[in-house]
Amino acid sequence: MAIFSVYVVNKAGGLIYQLDHYAPRADAEKTFSFPLEFVLRPHDERVVVAFGQRDGVRGAAGSRREWAAGRGRAAAHGALPAVGHAVLAINGAEVNGRLTADGKDVLEFLSNPANYPVSIRFGRHRLSSNEKLMLASMFHSLFAIGSQLSPELGSSGIEMLETDTFKLHCFQTLTGIKFVVLADPRQTGIDSLLRKIYEIYSDFALKNPFYSLEMPIRCELFDQNLKLALEAAEKAGPFGPGS
């Protein structure tokens, strides 16, 4: 069991704190012959698998038709389709975005049969700061939509979202601050952990004379106590009843 990350979102939907606590290793390195069984494309400052699947490496779509449909929907909505695994290293050397370690274009290098066989390491790219800001803002909007969809007045909004690989837990305070924790689906004690994080926020952020409300949290004591709380939750499970 593990706790993956923590987000703190202010009442306007701005991300004011984020911590990556644990990232499961999902890299896959294989030696390939020409041509590749994947279709690669540039996305932002990296090269990702557009579609195709082999040995745990997969793209955003399973087939050309799904990929084309995804591109069409994305174009209609002014956004890019979901991305799959990204190229992280070639022949043991880390890539630098769209360039190899020696400055060659990754797509051009992999399109040249003379460069094969080639060893490629794929993995999930780390979210950039801008992507985290965007996702926090999107969740803030989904939270509001969830409250508005409720047939009863006074809905708490989204408290948990569940997938096969993680659960997203959210606790919103009376002042509108949201504490969001992403954890292993089997992790226990998250409700108590969220309230513990709120206590840490109150003690080490709000009581800090140099901290301004709604602004990014930059406090060493907040960081230290949050990490201790996460480690305690992983080792001991619940902090107390109600988890």
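Within each chain, residues carry numbers counting from 1 in the order of the written sequence. Reporting of local features is limited, given that this is a predicted model, to residues whose pLDDT is at least 70; pairs of side-chain atoms are given and counted only at 80 or more, and all residues count toward the totals for whole chains, interfaces and linings. Each side-chain value is worked out from all heavy atoms of the structure, with water and hydrogens disregarded.

If you look the protein chain up in an unreviewed UniProt entry, it shows as Trafficking protein particle complex subunit from Eudromia elegans. UniProt positions are given in the numbering used here, feature names are shortened, and annotations may be inferred rather than shown by experiment. For the protein chain, the Function (unreviewed entry) comment in UniProt is given as "Core component of the TRAPP complexes which has a function of guanine nucleotide exchange factor activity for Rab1 GTPase. Plays a role in vesicular transport from endoplasmic reticulum to Golgi and autophagy. May play a role in dendrite postsynaptic membrane trafficking." Taken from UniProt, the Sequence similarities (unreviewed entry) comment for the protein chain reads in full: "Belongs to the TRAPP small subunits family. TRAPPC4 subfamily."

K.L.:
If you had to explain the overall build of the protein chain to someone new, which residues and values would you point to?
P.N.:
In DSSP terms, a helix is any run of H or I states spanning at least four residues, a strand is any run of E spanning at least two, and both are numbered starting from the N terminus. Per the secondary structure count, the protein chain includes 5 helices and 13 strands. Accessibility here uses a 1.4 Å probe with only protein chains present; expressed as a share of the type maximum, an area under 20% marks a residue as buried, one over 50% as exposed, and anything in between as partly exposed. Buried positions account for 41% of the 243 residues belonging to the protein chain. To be clear on the numbers: accessible area is Shrake-Rupley with a 1.4 Å probe, and residue cover counts the displayed protein chains and nothing else. Surface summary for the protein chain: the accessible area is close to 14,100 Å², and the carbon and sulfur share equals 53%.

K.L.:
Tell me about the pattern of salt bridges, and please be specific about residues and values.
P.N.:
Think of a salt bridge as a Lys or Arg side-chain nitrogen and an Asp or Glu carboxyl oxygen that are within 4 Å of each other. If you walk through the whole model with that rule in mind, you get 6 salt bridges. Note that K104 is salt-bridged to D102, the shortest N-O span being 4.0 Å. Among the residues examined, D102 registers a relative accessible area of 57% and is labelled exposed.

K.L.:
I'd like a rundown of a nonpolar patch on the surface, residues and numbers included.
P.N.:
Note on patches: the residues involved have over 30% relative accessible area and no salt bridge, like charges join within 9 Å, and the nonpolar side chains Val, Leu, Ile, Met, Phe, Trp and Tyr join within 5 Å. Where nonpolar side chains cluster on the molecular surface, the patch consists of L127, M134, L135 and M138 and spans about 340 Å² of accessible area. Looking at L135, the relative accessible area reads 36%, which means it is partly exposed.

K.L.:
Describe the environment of R121, and please don't skip the residues or the numbers.
P.N.:
Considering the arrangement of structural elements, one finds R121 in strand 10 (residues 118-123). Distance from R121 to T31, taken between C-alpha atoms, is 8.8 Å for residues 90 residues apart in sequence. Among residues more than four places away in sequence, those in contact with R121 are D27, A28, E29, A86, V87, L88, A89 and E94. Distance and chemistry together define a polar contact, namely a pair of N or O atoms within 3.5 Å, with one atom able to donate a hydrogen and the other to accept it when in protein, and with adjacent residues in sequence counting only for side-chain atoms on both sides. Here E94 takes part through its side chain, which lies 2.2 Å from a polar atom of the side chain of R121. Throughout, a residue-residue contact means that at least one pair of heavy atoms, one from each residue, lies within 4.5 Å.

K.L.:
How would you summarise the packing of helix 4 (residues 190-206) against helix 5 (residues 220-236) if you had to cite specific residues and measurements?
P.N.:
Where helix 4 contacts helix 5, the two axes come as close as 10 Å, and the packing angle between them is 165 degrees. One finds that helix 4 runs roughly antiparallel with respect to helix 5. The handedness of the crossing between helix 4 and helix 5 is right-handed. Every residue of helix 5 that contacts helix 4 at L193, K196, I197, I200, Y201 and F204 is listed here: L221, F222, N225, L226, A229, L230 and A233. Of the residues belonging to the contact of helix 4 with helix 5, the class tally is 11 nonpolar, 1 polar and 1 charged. Axis definition: a line fitted to C-alpha atoms, limited for helices to the stretch in contact. Angles are taken between N-to-C directions and run from 0 to 180 degrees. Any angle from 65 to 115 degrees is called roughly perpendicular, while one under 35 is roughly parallel, one over 145 is roughly antiparallel, and all others are oblique. By the definition used in this description, the sense in which the near helix is turned from the far one sets the handedness, with an anticlockwise turn below a right angle giving left-handed and a clockwise turn giving right-handed. All amino acids are sorted into three groups, where Ala, Val, Leu, Ile, Met, Phe, Trp, Tyr, Cys and Pro are nonpolar, Asp, Glu, Lys and Arg are charged, and the leftover types, Gly among them, are polar.

K.L.:
Talk me through the packing of aromatic side chains; I want residue IDs and the actual numbers.
P.N.:
Only Phe, Tyr and Trp rings take part, Trp by its six-membered ring, and two of them pair if their centres are within 6.5 Å. Stacked means planes under 30 degrees apart, edge-to-face means over 60, and tilted covers everything else. This structure, assessed with the given rule, holds 10 aromatic pairs. With a centroid separation of 5.7 Å and 45 degrees between ring planes, the pair formed by F179 and Y198 is classed as tilted. Remark: Y198 occurs in helix 4 and F179 occurs in strand 13 (residues 178-183); sequence separation between them is 19 residues. For F179, a relative accessible area of 0% translates into the label buried. Taken together through their ring pairs, the aromatic side chains of F171, F179, Y198 and Y201 make up a single cluster. Lying across the ring of F143, K178 places its NZ or CZ 4.8 Å from the centre. The lysine or arginine in question, R195, covers the ring of F171, its NZ or CZ lying 4.6 Å from the ring centre. Whether a charge sits over a ring depends on NZ of Lys or CZ of Arg being within 6 Å of the ring centre and within 35 degrees of the ring normal.

K.L.:
So, the sheet that holds strand 2 (residues 15-20): which residues are in play, and what are the values?
P.N.:
At least two bridges found by DSSP between two strands is the condition for calling them paired. The strand order 2-1-13-12-11 describes an open sheet built from 5 strands, whose pairing is antiparallel. Each of the sheet's edge strands pairs with one partner strand only, and the pair in question is strand 2 and strand 11 (160-162). Ignoring strand direction, the axes of neighbouring strands in this sheet form an average angle of 10 degrees. In terms of strand pairing, strand 1 (residues 3-9) meets strand 13 through 6 bridges, oriented antiparallel. The residue bridging I3 from the neighbouring strand is A183, located in strand 13. In this fold helix 4 packs onto strand 1, strand 12 (167-172) and strand 13, with an angle of close to 135 degrees to the strand it touches most, strand 13. Each of strand 1 and strand 2 touches helix 5; the most contacted strand, strand 2, lies at about 50 degrees to it.

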